[in-house]
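Residue-level listing of the chains:
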Amino acid sequence: MEETKPSSSTQKKGALSQALGSASFIEKAVLLVFTAVTSGVLIPYIGDKMQAAKTQNEVLTQAKAKLLDEVTNTIITYQYLAGDVSYYKADSAVANDKMQAMAFERYSNKVVDLMAQWGVEIARAKTLVHPAIAAKLEKFMDRVLTEQEPKLVSLSANNGSIEDWSQMNDLTGKMYEEAKQLIAELAVDLNLTNPDIKAK
């Protein structure tokens, strides 16, 4: 009796069934489905996290830039106002009582607000910069309030001499230079300066 051979289609179906039923195929299929599912969930999730981190960094950078701008404006404005007062009595060649009186009035009208702003900026700096830099800002403000401001007010009230005002003007010039140095250090700490420029 002649043996009947399976048809080619039957052989193909048998091979396909065997392949589909193999552990290797099942593992690959499960892995493919898992990859498709997790990609659809994880990729958007990771993208959202990256975007949130980018936004947070941008907000932090803006806060640092605002702090630097405000501290610079406050400290330099104060020193210019103080220097303006002492200038008109620091040298007999330029002494002018009327101009000094006007300069002192400008100073008096703004000094309280400037000190209040400075205090707020120091408080904010303590959350954004290294503690040593925040401490320097606070110490410099203390020096202004104990060494510079009282002396300027006293000389104005007591009609200080040219020599006294000359010393006051020198002190203000020194404080102005220290202010610029402090601002440079603040900028470096905030990473808001040209990397080729380093504070001394």
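See the structure printed just above.
What counts and how
Residues numbered from 1 in each chain as written. Predicted model: local features only at pLDDT ≥ 70, side-chain atom pairs only at ≥ 80, totals over all residues. Heavy atoms only, no water. Helix = DSSP H or I, 4+ residues; strand = E, 2+ residues; numbered from the N terminus. Buried < 20%, exposed > 50% of the residue type's maximum accessible area, 1.4 Å probe, protein only. Contact = heavy atoms within 4.5 Å. Areas by Shrake-Rupley, 256 points an atom, 1.4 Å probe, with all protein chains shown as cover. Salt bridge = Lys/Arg side-chain N within 4 Å of Asp/Glu carboxyl O. Phe/Tyr/Trp six-rings, centres within 6.5 Å; stacked < 30°, edge-to-face > 60°.

Our next topic: the overall build of the chain. Each helix and strand counted, the chain has 5 helices and 0 strands in total. Seen in sequence order, the chain has helices and strands lined up from the N terminus as α-α-α-α-α. Classification of the 200 residues of the chain by burial places 26% in the buried group. Within the chain, contacts between residues separated by at least 24 positions form 71% of all contacts whose residues are at least 6 apart in sequence. Carbon together with sulfur atoms contributes 59% to the accessible area of the chain, which is approximately 13,400 Å² in total.

For the rest of this paragraph, the subject is the pattern of salt bridges. Counting across every chain of the model gives 8 salt bridges. Here Glu 138 ties to Lys 126 by a salt bridge, and the two come within 3.4 Å at their closest N and O atoms. Highlighted residues: Glu 138 in helix H4 (residues 131-157) and Lys 126 in helix H3 (residues 97-128), separated in sequence by 12 residues. Look at Glu 138 and you get partly exposed, because its relative accessible area is 34%. The network of salt bridges with shared partners includes Arg 143, Glu 147 and Glu 178.

A separate point is unusual backbone geometry. Of note in the backbone geometry, Asn 159 takes a positive phi value of approximately 50° without being a glycine. The topology assignment puts Asn 159 in the loop between H4 and helix H5 (162-189). Overall, the relative accessible area of 58% leaves Asn 159 in the exposed class. Even without being a glycine, Asn 191 presents a positive backbone phi close to 60°.

Let us now look at the packing of aromatic side chains. One pass over the full model with this rule turns up 5 aromatic pairs. Measuring from ring centre to ring centre gives 5.6 Å for Tyr 80 and Tyr 176, while their planes differ by 65°; the resulting arrangement is edge-to-face. With a gap of 96 residues between them, Tyr 80 in helix H2 (residues 23-87) and Tyr 176 in helix H5 connect regions that are remote in the sequence. For Tyr 80, a relative accessible area of 54% gives the class exposed. Judged by relative accessible area, Tyr 176 falls into the partly exposed class, the value being 23%. These aromatic residues form a ring-pair network of at least three members: Tyr 78, Phe 104 and Tyr 107.

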